[in-house]
Amino acid sequence: MSEKNIDLVPVGTLPPLGVVPRRMHGWVVRKETHGEPLSSFREEVVDTPDPGPNEVLVLSMAAGVNYNGVWGGLGKPVSVLDVHKHPFHIGGSDCAGIVWKIGSAVKRWKVGDEVVLHCNQTCGECPACNGYDPMGCDNQKIWGYETPYGSFAQFTLAQSQQLMPKAENMSWEEAASYALDLCTAYRMLIDRANLRPGETVLVWGGAGGLGTFACQIARMVGAIPVAVVSSADKAEMARRFGAVGTLNRKEFPGLAYTPNETPERKKARLDAAKAFGKAFMKAAGSTRGPDVVFEHPGQETFPTSVFMAARMGRIVICAATSGFDLSFDVRHLWMRQKQIIGSHFAHAEECWRANDLVLKGVIKPCMTEVYSYKDIPRAHDDMMHNRHMGKLSCLVSSPREGLKTRSEIV
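Because the structure is a prediction, the values reported are computed rather than measured.

(A) Expanded view of the overall build of the chain. For the chain, the count of helices and strands is 12 helices and 17 strands. For the chain, whose C-alpha radius of gyration is 21 Å, the value lies close to the compact-globule estimate of 22 Å for 410 residues. The burial tally for the chain puts 57% of its 410 residues in the buried class. Across the chain, 46 positive and 43 negative side-chain charges occur, with their mean positions spaced 6 Å apart.

Written out as structure tokens, the structure reads:
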């Protein structure tokens, strides 16, 4: 078979540079398989997509794991297949790989470039994209979630503006682990909450991907992060990545909000929230609540976040992994003039700023576990059931851990 006419290559084998096989291996979700990760992800062989004028085809060397992969498999809160209208879905919104084919209008990148990808896609034509904030684009999408070809396949299809330089001294799996969470945390704290030196920050999920980056970013600007964790091991990790103090949420029984709570349950939750607030002030060395609350669990934590935030404080939120319907006492909001700020990933310029911090060694990725290609469903199952710390990464086309460049393989 000619190099220009390859049908399929095994996972972990690289075709000749720039030669695109007609088909590829990938982990696919279909409507009829929606459910938990071990059942929703199915390994299939599908046609390799072809890039349009402003798109690139990237050989996925490794892929990071994020909770949107769990949502994509569950089909909740909506089926992503109803969003992008494709017959199947390949998840994965973090990737490190090699440019394998470029569209006719792409000038900034060439075949063979080693890159990481950010996950924001925009139209590039509307007013928001050209002068305001591309995150205001009416056609903004998260690649690998609201698009059909993410990083859990041998090749992924992306817009050329998603590409960023890969750190030469970083393995494929580590380079694939950080962009979504780092860029999300960067926009939340720097450009949305306008975090300032000396301010205190309550970081929910302080030992997870978002939380470890939030702690590092807060320390970088001279702020004081206190991380919420659920174990001694997670407390140690949060401190390693910049937390000045930690709060173990398990030491505050009744703190989590649950819908339809009884009067007794509500009283217990408020008592726990008051004790939690006192513990925060002690850990932060402060006489008041947090100036900024870094929110992403949602339903279980949001009432406490609004209650605890300092007068004139800000609650910045990017997700709701514990539930989307939020309930809180709004009097704490208006009487003390607090702000709720929504934040959603980051635009390309913010992503480049955040990635530059990694290239310079200012921010460290917090990858804790690497899975093989065949264990991609298990990685999502571990994330769904909170059996993890930090960031998880999966090998795709990289044949083994520790490799950093294409030249080490071919």
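Resuming the write-up.
(B) Focus on the packing of helix α2 (residues 67-74) against helix α12 (residues 376-384). Taken N-terminus to C-terminus, the directions of α2 and α12 make an angle of 105°; their axes are 9 Å apart at the nearest point. Here α2 is positioned roughly perpendicular relative to α12, judged by the angle of their axes. Between α2, through Tyr67, Gly69, Val70 and Leu74, and α12, the contact on the second element is made entirely by His380, Met383 and Met384. When the residues that make up the contact of α2 with α12 are grouped by side-chain class, the tally is five nonpolar, two polar and no charged.

(C) Structural detail: a nonpolar patch on the surface. A cluster of nonpolar residues, Val330, Trp334 and Met335, forms a patch on the protein surface that exposes about 340 Å² of accessible area. Within the secondary structure layout, Met335 lies in helix α10 (residues 331-335).

(D) Representation of unusual backbone geometry. Cis geometry marks the peptide bond from Lys76 to Pro77; its omega dihedral reads 0°. Position of Pro77 among the secondary structure elements: in the loop between α2 and α3 (80-84). Even without a glycine there, the phi angle at Asn194 is positive, about 55°. When you line up the elements, Asn194 lands in the loop between α5 (179-192) and β10 (200-203). Assessed through its relative accessible area of 43%, Asn194 is described here as partly exposed. Backbone geometry at Phe345 places phi at a positive 45°, although glycine is not the residue there. Mapped onto the elements, Phe345 comes out in the loop between β15 (339-342) and α11 (348-359).

(E) Geometry of the nonpolar core. Ranked by size, the top nonpolar core spans 97 residues in total, and within it Ile90, Val201, Phe294 and Phe345 carry the most contacts. If near-sequence neighbours (up to four positions away) are discounted, Val201 is found in contact with Leu189, Leu195, Ala218, Ala223, Ile224, Pro225, Val226, Phe280, Pro290, Val292 and Phe294. The next biggest cluster of nonpolar side chains, apart from the first, holds 20 residues, and it includes Leu202, Leu247, Phe276 and Leu333.

(F) Molecular detail of the side chain of Ser60. Examined against the element boundaries, Ser60 turns out to sit in strand β3 (residues 55-64). Classification of Ser60 as buried rests on a relative accessible area of 0%. Among the polar contacts listed, one links the side chain of Ser60 to the backbone oxygen of Ser151, at a separation of 2.9 Å. Beyond its immediate sequence surroundings of up to four residues, Ser60 is in contact with Cys95, Ala96, Ser151, Ala153, Gln154, Phe155, Val396 and Ser397.

(G) A look at the pattern of salt bridges. Per the counting criterion, the structure on display carries 24 salt bridges. With a shortest N-O distance of 3.7 Å, Asp382 and Arg378 are connected by a salt bridge. With Asp382 and Arg378 both in helix α12 and four residues apart, the pair spans about one turn of that helix. Of the residues examined, Asp382 reaches a relative accessible area of 9% and is grouped as buried. Residue Arg378 is classed as partly exposed on the basis of its relative accessible area of 35%. In this structure, a network of salt bridges that share partners links the residues Lys374, Asp375, Arg378, Asp381, Asp382 and Arg387.

(H) Examining the packing of aromatic side chains more closely. Applying the stated rule across the entire model yields eight aromatic pairs. With 5.4 Å between their ring centres and 75° between their planes, Tyr67 and Trp71 make a pair best called edge-to-face. You can see Tyr67 and its partner Trp71 sitting in helix α2, four residues apart, about one turn around the helix. A relative accessible area of 22% places Tyr67 in the partly exposed class. When the ring centre of Trp172 is taken as origin, the NZ or CZ atom of Lys166, which lies over that ring, is 4.9 Å away.

(I) Representation of the state of the cysteines. One pass over the full model with this rule turns up zero disulfides. The structure places no disulfide on Cys123, whose sulfur is separated from the nearest cysteine sulfur, that of Cys137, by 3.6 Å. Judged by its relative accessible area of 28%, Cys123 falls in the partly exposed class.

Cut-offs used in this document
- Residues numbered from 1 in each chain as written.
- Predicted model: local features only at pLDDT ≥ 70, side-chain atom pairs only at ≥ 80, totals over all residues.
- Heavy atoms only, no water.
- Helix = DSSP H or I, 4+ residues; strand = E, 2+ residues; numbered from the N terminus.
- Rg over C-alpha atoms; globule rule 2.2 N^0.38 Å.
- Buried < 20%, exposed > 50% of the residue type's maximum accessible area, 1.4 Å probe, protein only.
- Lys, Arg positive; Asp, Glu negative; His and termini not counted.
- Charge placed at Lys NZ, Arg CZ, Asp CG, Glu CD.
- Axes fitted to C-alpha atoms, helices over the stretch in contact; angles between N-to-C directions.
- Parallel < 35°, antiparallel > 145°, perpendicular 65-115°, else oblique.
- Contact = heavy atoms within 4.5 Å.
- Nonpolar A, V, L, I, M, F, W, Y, C, P; charged D, E, K, R; others polar.
- Patch = residues over 30% accessible without salt bridge, like charges linked within 9 Å, V, L, I, M, F, W, Y side chains within 5 Å.
- Areas by Shrake-Rupley, 256 points an atom, 1.4 Å probe, with all protein chains shown as cover.
- Salt bridge = Lys/Arg side-chain N within 4 Å of Asp/Glu carboxyl O.
- Core = buried A, V, L, I, M, F, W, Y, C linked by side-chain atoms within 4.5 Å.
- Polar contact = N/O pair within 3.5 Å; in protein donor to acceptor, adjacent residues only side chain to side chain.
- Phe/Tyr/Trp six-rings, centres within 6.5 Å; stacked < 30°, edge-to-face > 60°.
- Lys NZ or Arg CZ within 6 Å of the ring centre and 35° of its normal.
- Disulfide = S-S within 2.5 Å.

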